[in-house]
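Residue-level structure breakdown
Spelled out from the first residue to the last, the chains are:
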Amino acid sequence: MTTMPSSLPIELTVNGRRRSIEVEVNHTLLDVLRDDLGLAGTKECCDVGECGACTVEVDGRAVNSCLMLAVEADGAAVTTVEGLATDGRLSLLQDEFLAKGAVQCGFCIPGQLMAAHALLAGNAHPSVADVHEALAGNLCRCAGYEQITEAVLAAAAAEAER
Amino acid sequence: MSSHGSGIGASPKRVGGYDRVTGQHAYVADVRLADALHAKLVTVPVARARIIAIDTSAALAVPGVRCVLTAADLPQPVPRFGPQHEDRPVIAVGETKYHGDPVAAVAAETKDAAEEAAGLVRIEYEELPAVFTVAAALAPDAPLVQDPVLRPGDPLASTNVFNQHLVGWGDVEAAEADLVVEHDYSFPMVTHFAIEPHGFIAAPDGDGIAVWSSIQHPNWLQKVLARILGLPLSKVRVRAPDPGGGFGGKQHAKYEPLVAFLALRTGRPVRLVLTLDETFQAVRRAAAAIHVRTGLRSDGRIAFQDIRADYLVGAYVDIADRVVNKGSYPGAGPYGIPAVRIVARTVLSHTVPSTAFRGFGNPQVNWAVESNLDDAARQLGLDPLELRLRNLAHRGDAFIPFDTHADGDWEQTVRRAAELIGWDSPVPPGHGRGIALGIKSGPTTGLSYSTVRLLADGSVIVYAGTSDMGQGARTVLAQIAAQELGAPLDWVTVVMGDTAVVPYDQQTSASRSTVLMGNSVLRACRDVQRQLAEMAARVHGVALEQVSVADGFVRLPDRELPIVEVLKAGLGRLGGEVIGNGVMRKEMEPEHPLGGSAAFFEFNCTAVEVTVDEGTGEITIVRHVTVSDVGRAINPLQVRMQDEGAAIMGLGHTLMEHYIFDEAGRIRNLGAIDYRVPTSLDLPVRLESAIVENADGPGPYGSKGMSEGALLCVAPAVAAAVRDATGAVIRDLPLSPERVWHALQERPARVPLEVP
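Model, not experiment: these values are computed from the prediction. (Residues numbered from 1 in each chain as written. Chains lettered and ligands numbered in written order. Predicted model: local features only at pLDDT ≥ 70, side-chain atom pairs only at ≥ 80, totals over all residues.)

1. What about the overall build of chain A?
- Per the secondary structure count, chain A includes five helices and five strands.
- Starting at the N terminus, the α and β elements of chain A follow one another as β-β-α-β-β-β-α-α-α-α.
- Taking 162 residues into account, the globule formula puts the C-alpha radius of gyration at 15 Å, and chain A, at 16 Å, falls close to it.
- Oriented by its inertia axes, the alpha-carbon framework of chain A measures out at about 60 × 30 × 25 Å.
- Scored against the burial criterion, the 162 residues of chain A give a buried share of 58%.
- Nonlocal contacts in chain A, meaning residues at least 24 apart in sequence, comprise 58% of its contacts between residues at least 6 apart. (Helix = DSSP H or I, 4+ residues; strand = E, 2+ residues; numbered from the N terminus. Rg over C-alpha atoms; globule rule 2.2 N^0.38 Å. Buried ≥ 20, exposed ≤ 12 C-beta atoms within 10 Å, placed from the backbone. Contact = placed C-beta atoms within 7 Å.)

2. Brief notes about the overall build of chain B
- Scanning chain B from N- to C-terminus turns up 18 helices and 28 strands.
- Relative to a compact globule of 756 residues, whose C-alpha radius of gyration would be 27 Å, chain B shows 27 Å and is just as compact.
- Projected onto its principal axes, the C-alpha coordinates of chain B cover approximately 85 × 75 × 50 Å.
- Expressed as a percentage of its 756 residues, the buried residues of chain B come to 61%.
- A separation of at least 24 residues holds for 79% of the contacts in chain B among residues at least 6 apart in sequence.

3. As for the sheet that holds strand β3 (residues 65–70) of chain B
All names here are of chain B.
- Strand order across the open sheet formed by seven strands is β3-β7-β1-β14-β11-β12-β13, with mixed pairing between neighbours. Strand pairing shows two members of the sheet lacking a second neighbour, β3 and β13 (236–239), which therefore form its edges. Each strand axis lies, on average, 20° off the axis of its neighbour in the sheet, ignoring direction.
- Pairing of strand β11 (residues 199–205) with strand β12 (residues 208–213) involves six bridges; the strand directions are antiparallel. Note on β12: the bridge partner recorded for A203 is A210.
- Packed on one face of the sheet, helix α3 (residues 111–120) meets β1 (37–42), β3 and β7 (104–108) and runs near 25° to β1. (Pairing = 2+ DSSP bridges. Axes fitted to C-alpha atoms, helices over the stretch in contact; angles between N-to-C directions.)

4. Concerning the pairing of strand β27 (residues 619–629) of chain B
All names here are of chain B.
- Burial runs high along β27: eight of the 11 residues are buried.
- One ladder, built from 10 bridges, connects strand β26 (residues 601–612) with β27; its direction is antiparallel. For N604, the partnering residue across the bridge sits in β27 and is S628.
- Linking β26 to β27, which pair antiparallel, is a turn of six residues; within it G617 sits at a positive phi near 80°.
- As paired elements, β27 and strand β28 (residues 686–692) share seven bridges and run parallel to each other. What sits directly across from S628, in β28, is I691.
- What joins β27 to β28 is helix α15 (residues 636–655), and the crossover it makes is right-handed. (Right-handed = clockwise from strand over helix to strand, strands pointing away.)

5. Re helix α6 (residues 256–266) of chain B
All names here are of chain B.
- Burial of α6 is extensive: eight of the 11 residues sit out of reach of the surface.
- Every buried residue of α6 is accounted for by E256, P257, L258, V259, A260, F261, L262 and A263.
- One or two positions beyond α6, positive phi appears at G267, with a value near 70°.

6. Side note on the packing of helix α2 (residues 92–99) of chain A against helix α3 (residues 109–122) of chain A
All names here are of chain A.
- With their axes 10 Å apart at the nearest point, α2 and α3 run at an angle of 130° to one another. Here α2 is positioned oblique relative to α3, judged by the angle of their axes. In terms of crossing hand, the pair formed by α2 and α3 is right-handed. Seen from α2, the contacting residues are L93, Q94 and F97; seen from α3, they are I109, L113, A116, H117 and L120.
- A per-class count over the contact of α2 with α3 returns six nonpolar, two polar and no charged. (Parallel < 35°, antiparallel > 145°, perpendicular 65-115°, else oblique. Left-handed = near helix turned anticlockwise from the far one by under 90°. Nonpolar A, V, L, I, M, F, W, Y, C, P; charged D, E, K, R; others polar.)

7. Observations concerning the interface of chain A and chain B
- With 41 residues of chain A at the interface, the matching set in chain B holds 44 residues.
- Where the side of chain A that touches chain B is concerned, the elements lending two or more residues are α2, α3 and α5 (145–161) of chain A.

8. Looking at the packing of α15(B) against helix α17 (residues 714–726) of chain B
Residue and element names in this part refer to chain B.
- Close contact between α15 and α17 brings their axes to 8 Å; oriented N to C, the two are set at 65°. Our pair here, α15 against α17, has a crossing hand that is right-handed. Contacts between α15 and α17 involve A647, G650, L651, H653 and T654 from the former and V714, A715 and V718 from the latter.
- Taken together, the residues of the contact of α15 with α17 sort by class into five nonpolar, three polar and no charged.

9. Focus: the environment of B:S298
Residues and elements named next belong to chain B.
- With respect to the secondary-structure elements, S298 resides in the loop between β15 (287–296) and β16 (302–312).
- Accessibility expressed as a C-beta count within 10 Å gives 11 for S298, which makes it exposed.
- For the pair S298 and L670, spaced 372 residues apart in sequence, the C-alpha separation works out to 48 Å.
- The residues touching S298, leaving out its near neighbours within four places in the chain, are D178 and L380.

10. Side note on helix α12 (residues 473–485) of chain B
Residues and elements named next belong to chain B.
- The end-to-end C-alpha separation of α12 is 18 Å, in line with the 18 Å expected for 13 residues at 1.5 Å each.
- Most of α12 sits inside the fold, with 13 of its 13 residues counted as buried.
- Positive backbone phi, approximately 70°, marks G486, located one or two places after α12. (Expected span 1.5 Å × (residues − 1).)

11. What to know about the environment of B:S628
Residue and element names in this part refer to chain B.
- The residue S628 is located in strand β27 in this model.
- We classify S628 as buried; it has 33 C-beta atoms within 10 Å.
- With 80 residues separating them along the chain, S628 and E708 place their C-alpha atoms 9.7 Å apart.

12. What to know about the environment of B:G572
- Within the fold, B:G572 resides in the loop between α14 (563–571) and β25 (577–586).
- Considering only alpha carbons, one finds B:G572 and B:V31, 541 residues apart in sequence, at a separation of 41 Å.

13. Brief notes about unusual backbone geometry
Residues and elements named next belong to chain B.
- At the junction of Q76 and P77, the peptide bond is cis and its omega measures out at -10° in the coordinates.
- Along the polypeptide, P77 turns up in the loop between β3 and β4 (80–81).
- The omega angle of the peptide bond from L733 to P734 is -5°, so this bond is cis rather than trans.
- With respect to the helices and strands, P734 occurs in the loop between α17 and α18 (737–746).
- Positive phi is not limited to glycine here, since S511 has a value of about 55°.

14. Notes on the pairing of β15(B)
All names here are of chain B.
- Counted residue by residue, β15 has eight buried out of 10 residues, so it is predominantly covered.
- Pairing of β15 with β16, which is carried by 10 bridges, proceeds in the antiparallel orientation. Counted as the bridge partner of A289 is D310 from β16.
- Connecting β15 to the next strand, β16, in antiparallel fashion are five residues, including G300 with a positive phi near 95°.

15. Remarks on the sheet that holds β15(B)
Residues and elements named next belong to chain B.
- A sheet is described by the order of its strands in space; here five strands give the open sequence β9-β17-β16-β15-β10, paired in mixed fashion. A strand with exactly one partner marks an edge of an open sheet, and here the two such strands are β9 (161–169) and β10 (179–187). Put simply, the sheet's adjacent strands are angled 10° from each other on average, direction ignored.
- The sheet contact formed by β16 and strand β17 (residues 339–347) spans nine bridges and is parallel. Bridge pairing in β17 places A309 opposite A344.
- The sheet contacts of helix α8 (residues 320–328) involve β9, β16 and β17, and relative to β17 the element is tilted by about 165°.

16. Observations concerning the confidence of the model for chain B
- Of all residues in chain B, 98% have pLDDT values of 70 or greater, and the mean over the chain is 97.
- Note on the complex model: pTM 0.97, ipTM 0.98. (pLDDT = per-residue confidence, 0-100.)

17. Concerning the nonpolar core
All names here are of chain B.
- Formed by 302 residues in total, the largest nonpolar core has its most connected members in V106, V259, L262, A481, V718 and V722.
- When residues in this core are grouped by element, the largest group, 11 residues, is from helix α13 (residues 516–540).
- Excluding residues that lie within four positions of it along the chain, A481 makes contacts with V452, V460, V462, A487, V492, V521 and C525. (Core = buried A, V, L, I, M, F, W, Y, C linked by C-beta atoms within 7 Å.)

So this is what it looks like as structure tokens:
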């Protein structure tokens, strides 16, 4: 009988930086980002993939990091909210979130930003319905949905003008 | 709309916003202390149980476990606490009172070890009879939720009624009416579901303790901890990082005392971050069963309102009795009514302790009373809008005879909402419209201290004990300081959430902060201005009376100087700073039914247009208009965010949210999968908010409190619209597709509303 190891080494790229770490096999990508890599911008709420607070990008796709085991991220490129700004300069999306008043308590915002980032990467000119659909898995209890939608559309428009 | 400057009435970007879009803002769970232990709560899978024995041996054997704490490990008798009634033990003593009431807590080196050990704590228990509804709690032989020993001298102690509140005026019995409309309504048990689960950290701190909590009232928590731990206030440091949503659920102490005992027992920092499921078992809104009897004259004037409201609160009182009292009090609405009687009861049950929740007990009664008015309008053949306008209080009316008089031109608000929804235009076929009014008493007492430091370069630090839980208090307070002291907004820092640093503030609740803390900060700025005037008089050799300071400038007889110039000259080569203090008090009025009159009223009118799928019962909100009287919007964008957010949150309890219990009192829909809140796919097709500004509020620049108003009357407006569209009458929330579908099957023959 072989014993399942309790931890395994993985390599992944997080916000452009290569990381080699030993992770517990039962730990999620969310656990590892927050607890092992100190990237606390990604938030924990429901732990069942329903609230979207933990959304990150894995190889360009928006993923609930609470549902993905860390070992599954071996070899992946992960982008978190900490990876959106460049040299302290906010991205268009982040800027529009502030300008349009999309941020209230802010707890859901990292997840909203990552879901929106993944949307815009695949759809440069989303409609209101596209935004609502893409962000439907990201709950905002302050219910800033109107402003979040405006911000995503404004960022898309600003990107198109660039 | 983006930033147009930062002055009063502008909408600069949120102070603290940069940290929130970059992931740098540290919420309580993001605070990492070296060497911290992780805690996990242990519960039993029923509501009420007698604890026979607790075996912690297996749990203690898990590697990394440092402590398994039960009631037996605490000072005896186990300390109890609560903002109104000190009934909640630090941890369950002998008996659990609701599903989720913790009986033990584990502290371990890792989260995994704590969770594993929590599952290994063996609890022998006997399930006991329990009550989960108003009817069951009031039954003659109902098991008692609270031990009468905890209610000495209370004539109701042998019942499950914690308290009864009677308010009224005129003679309801003698009032003459041409029409009496009488119905029963119910409001469901719903939960706050802040996206940030509650988190608590405690650490020994020298000869005292430091506690981090996502709490709205850090100073109140400090008092609770000091009393329980036997420490002076100065040795209890509460750190309150800006919460990730509060909505009332984070007002009062929950597990902070327990985590503090774990920290003191282990000598280590201990952190407890609840799961979302656990937050459902920590906070909720009171459910209510409401009976309304409305008498009207044939011209639509309301002759009397006779209201009985039974609020189903939980096993510990928390702030719920105040919710019942203050929430039912303005229940007759913003109308001039000669006779009103409101009887509200606080009914204990073996359920999650209910607490403050945006609207503070008002949405429950508002749902019933406004729905009853809609019914009355239909029976009288009167436009529901017209019925309300005929009864609406005018500015200065003593509509609640012993309280603050009507403090707004409320008809403007109502007419604006009607105009935006197009009330007078034909309703498209298949659509229906509804309208409702909401009113809420603002804070009845208050005490907010603040300090403002004008630093040598003209930048400013504001110290204010308000919590910025998303309402944007940091931004508003910074705008006030920037306006008064002439600093650019990004030169103003607002320090909050640390009782060792920030002066005392009573609480962040009742939409008070712009008015009460705002006035306090304004006064602190005026204190700085007064000192600047003295400086200017000294430096420029003029009489003090010849100097004035306002809006960032010092005015001398012959010229006007920016504050910073006077400051630098006045401080001289040694430098320094100018420190101002502000206090805003709203005193108690002992004879008043609420202990104080309203600082202001929040007033809102909501109008909606809906369609209903006859096959499924699903409601589509085609238009949702919400208009609030805010006095003056210091930051219009933030006002809009709060109003629209409140409106959508109101759609939650209106359309979808409610706890489901089983026979053992277990909540069957714990967590995000089975308890639905509005998402981006549940929004009104069109949502419009508007404000009325007459600069007639008691806050800085004529502002009033806001942010709860737009939630108050969503439900009755939607139900009226559903009735208008379909003829279906529903008096229970939420208006879920299933409930609407059943109502559609049972609806009476359609009687079209005739408007003369």
